[in-house]
Amino acid sequence: EPPHTGRLALYLLGLRATCPTPRPHRSLVTWLKYYLEEDWTGSRQHGHPLTNYYQYGLGVLALCVHHKRVREEVVQRLLTAQHHGRLRHGGNAVDTEAVAALAFTCLEQKRLVGTELAAELRAAVHRASSSMAEAQEPDGVIGNIYSTPWALQVFLATGMCQTEPAFGKAMAALLENLEAFSTAATMAQVLPVLHGHSYLDVASMHCQEEPGRSQGRRDWGQHWCPHRDGWVSLVLWWLLTDTLTPLNMAPLAEVPGNKTVQLVVECPLPWCYDLKLYDHLVPVPASASLLDVLQAAAELEPRDFRFHTQETSQGPFLSQVLGLEARQEKRNYWQLLSAPDSPLEMGIADYRPRDEEILILRLSEW
């Protein structure tokens with residue numbers, strides 16, 4: 001089983017933001033260092049981490065936020081991957097580049113690396129920032145709506161929010177699409193940005209004890225980039241984080257009528273016996289999600305179509321179709337496309353296909 005680098009890194013970032021006492025998380029930090037070393041060893045043997053560069057970068061970032069030094073060889077592996085463009089291969093390139101840039105910025109700002117390596121990291125962050133600005137779409141989105149908060153965190157962490165024109169356009173796009181961030185994982189990415197902060201600021205928070213609370217109020221560090229919609233950010237921040245009332249997400253509105261979706265399963269990999277493994281029209285209610293389409297296909301033709309999902313913090317993840325499993329160790333995944341080649345920006349439970357839309361499930365490598 002691959003190391004749990006990314007999952008533990010996210011947990012430790014969240015834990016640091018709650019102002020914990022040192023004891024409960026010391027062993028978790030030790031485990032993260034172990035997982036990161038396992039990933040580093042795997043990258044030496046296979047040319048890539050046992051997990052992926054996104055998780056690898058998260059591991060470096062989380063350790064830095066906890067003020068833990070990372071061996072320079074471990075950092076150099078991520079730096080080399082960024083220099084040779086390997087972070088742009090597979091998955092969401094903006095997410096991976098942004099996580100790496102945040103890790104590099106943290107290491108430099110906290111002076112956890114030597115002078116020579118710090119200069120290399122600064123140059124790498126500049127390259128990543130320029131790349132993300134160039135990747136901005138006309139509507140302001142960078143990569144897709146879910147990767148936009150990661151890019152904005154980089155601009156905030158480096159102070160480029162005051163000089164980079166892409167920042168204002170991306171922030172406006174984010175505020176127009178807040179309804180897309182409906183899971184705990186996506187909210188965790190967007191909330192610091194709405195308050196003008198990045199994950200790096202977690203490392204410099206000052207925890208102060210308050211009467212009536214077991215945890216002190218979090219006084220953020222010095223990074224802050226006000227923007228024209230700053231009051232909206234503050235209201236959203238306090239509504240979502242300073243109350244103990246859970247958010248009640250409104251259910252998707254019912255749409256009357258029916259629709260028909262063409263469902264296609266492709267496997268372009270060399271070991272598949274055919275490119276197109278499944279191609280059928282699936283009738284579903286007009287309000288059906290992609291997950292509903294998959295379930296309807298399985299009910300209509302249980303012998304011809306079957307699939308499995310795994311629950312994740314961002315909703316169900318498509319793990320197996322027609323007996324073909326997407327496995328991290330094989331470095332493949334089920335890519336969700338709207339024909340002919342447009343990646344879906346939502347998960348299977350959130351995306352609502354249009355009537356007569358052609359949806360492609362394509363087993364792809366990263």
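Worth saying up front: this structure is predicted, and the values here are computed from it rather than measured. (Residues numbered from 1 in each chain as written. Predicted model: local features only at pLDDT ≥ 70, side-chain atom pairs only at ≥ 80, totals over all residues. Heavy atoms only, no water.)

Colleague: For this particular structure, what's the right way to read the overall build of the protein chain?
Modeller: Assigned secondary structure in the protein chain consists of 11 helices and 10 strands. For the protein chain, buried positions account for 50% of its 366 residues. For the protein chain, long-range pairs separated by at least 24 residues make up 64% of all intrachain contacts whose partners lie at least 6 apart in sequence. For the protein chain, the exposed surface amounts to about 18600 Å²; the carbon and sulfur share of it is 52%. (Helix = DSSP H or I, 4+ residues; strand = E, 2+ residues; numbered from the N terminus. Buried < 20%, exposed > 50% of the residue type's maximum accessible area, 1.4 Å probe, protein only. Contact = heavy atoms within 4.5 Å. Areas by Shrake-Rupley, 256 points an atom, 1.4 Å probe, with all protein chains shown as cover.)

Colleague: Quick question: what am I supposed to make of the packing of aromatic side chains here?
Modeller: All chains considered together, the criterion is met by nine aromatic pairs. Measuring from ring centre to ring centre gives 5.7 Å for Trp31 and Tyr34, while their planes differ by 85°; the resulting arrangement is edge-to-face. Within this pair, Trp31 and its partner Tyr34 are both found in helix H2 (residues 23-46), separated by three residues, close to a single helical turn. Owing to a relative accessible area of 43%, Tyr34 belongs among the partly exposed residues under this scheme. Between Tyr34 and Tyr35 the ring centres are 6.0 Å apart and the planes differ by 50°, which places this aromatic pair in the tilted class. You can call Tyr35 buried: its relative accessible area is 16%. The ring centre of Trp40 lies 4.4 Å from the NZ or CZ of Arg71, which sits over that ring. (Phe/Tyr/Trp six-rings, centres within 6.5 Å; stacked < 30°, edge-to-face > 60°. Lys NZ or Arg CZ within 6 Å of the ring centre and 35° of its normal.)

Colleague: Could you clarify how one ought to interpret unusual backbone geometry in this entry?
Modeller: Note on backbone geometry: most residues besides glycine have negative phi, and most peptide bonds are trans. A cis geometry characterises the amide bond from Ala339 onward to Pro340, with omega recorded as 5°. The topology assignment puts Pro340 in the loop between strand E8 (332-338) and strand E9 (342-343).

Colleague: Which parts of the structure should I look at to understand the environment of Leu318?
Modeller: One can find Leu318 in strand E6 (residues 315-321). Considering only alpha carbons, one finds Leu318 and Leu361, 43 residues apart in sequence, at a separation of 9.5 Å. Excluding residues within four positions of it along the chain, Leu318 makes contact with Leu294, Phe307, His308, Thr309, Trp334, Leu336, Ile348 and Leu361.

Colleague: What am I meant to see in the sheet that holds strand E10 (residues 358-365) here?
Modeller: Strands belonging to one sheet form pairs held by backbone hydrogen bonds; the direction of such a pair is parallel or antiparallel. A sheet is described by the order of its strands in space; here five strands give the open sequence E4-E3-E10-E8-E9, paired in mixed fashion. On the outer flanks of this sheet lie strand E4 (276-285) and E9, each paired with one strand and no other. Pairing between strand E3 (residues 258-266) and E10: five bridges, direction parallel. Residue pairing for E10: Val265 is matched across the bridge by Leu361. Along the sheet face, helix H11 (residues 290-300) touches E3, E4, E8 and E10 and points at about 105° away from the line of E4. (Pairing = 2+ DSSP bridges. Axes fitted to C-alpha atoms, helices over the stretch in contact; angles between N-to-C directions.)

Colleague: Explain the state of the cysteines here, please?
Modeller: Here, the word disulfide means a covalent bond between the sulfur atoms of two cysteines. Under the definition given, this model contains one disulfide. Bridging Cys64 to Cys106, the disulfide has an S-S length of 2.0 Å. Since a negative S-S torsion denotes a left-handed disulfide, the Cys64-Cys106 link at about -95° is left-handed. With a gap of 42 residues between them, Cys64 in helix H3 (residues 53-65) and Cys106 in helix H5 (residues 93-109) connect regions that are remote in the sequence. (Disulfide = S-S within 2.5 Å.)

Colleague: I tried to follow the pattern of salt bridges on my own but got confused; where do I start?
Modeller: Note on pairing: side chains with opposite charge can pair once their charged atoms come close. Under the counting rule described, the total for this entry stands at seven salt bridges. Its salt-bridge partner being Glu108, residue Arg122 comes within 3.1 Å of it at the nearest N-O pair. Of the two residues, Arg122 sits in helix H6 (residues 115-134) while Glu108 sits in helix H5, which places them 14 residues apart along the sequence. Note on Arg122: relative accessible area 44%, which makes it partly exposed. (Salt bridge = Lys/Arg side-chain N within 4 Å of Asp/Glu carboxyl O.)

Colleague: Sorry if this is basic, but what is going on with the pairing of E10 here?
Modeller: Here is the key point about a regular strand: its side chains alternate between the two faces of the sheet. Taken across its eight residues, E10 has six buried, putting it largely inside the fold. One ladder, built from seven bridges, connects E8 with E10; its direction is antiparallel. The residue of E10 that forms the bridge with Gln335 is Arg362.

Colleague: How do you make sense of the nonpolar core when you look at a structure like this?
Modeller: One recurring pattern in soluble globular proteins: nonpolar side chains tend to sit buried together. Residues Leu61 and Phe104 are the most contacted members of the largest nonpolar core, which totals 77 residues. At 10 residues, H5 tops the list of elements feeding residues into this core. Not counting the four nearest positions on each side in its chain, Phe104 is found in contact with Val75, Leu78, Leu79, Gln82, Leu121, Ala124 and Val125. Cys272, Val282, Val284 and Trp334 belong to the second-largest nonpolar core, a separate cluster that totals 33 residues. (Core = buried A, V, L, I, M, F, W, Y, C linked by side-chain atoms within 4.5 Å.)

Colleague: Hey, could you run me through H6 in this one?
Modeller: Each full turn of the α-helix corresponds to 3.6 residues, which orients residues three or four apart in the same direction. For H6, spanning 20 residues, the distance from its first C-alpha to its last is 29 Å, which sits close to the expected 28 Å at 1.5 Å a residue. Those residues of H6 lying buried are Leu117, Ala118, Leu121, Ala124, Val125, Ala128, Ser129, Ser131 and Met132. When H6 is viewed along its axis, its buried side chains cluster within an angular range of 160° and face the same direction. In H6, the exposed positions angled more than 90 degrees off the buried face are occupied by Thr115, Glu116, His126 and Glu134. Packed against the buried residues of H6 are helix H4 (72-83), H5 and helix H7 (148-158). (Expected span 1.5 Å × (residues − 1). Arc of directions from axis to C-beta.)

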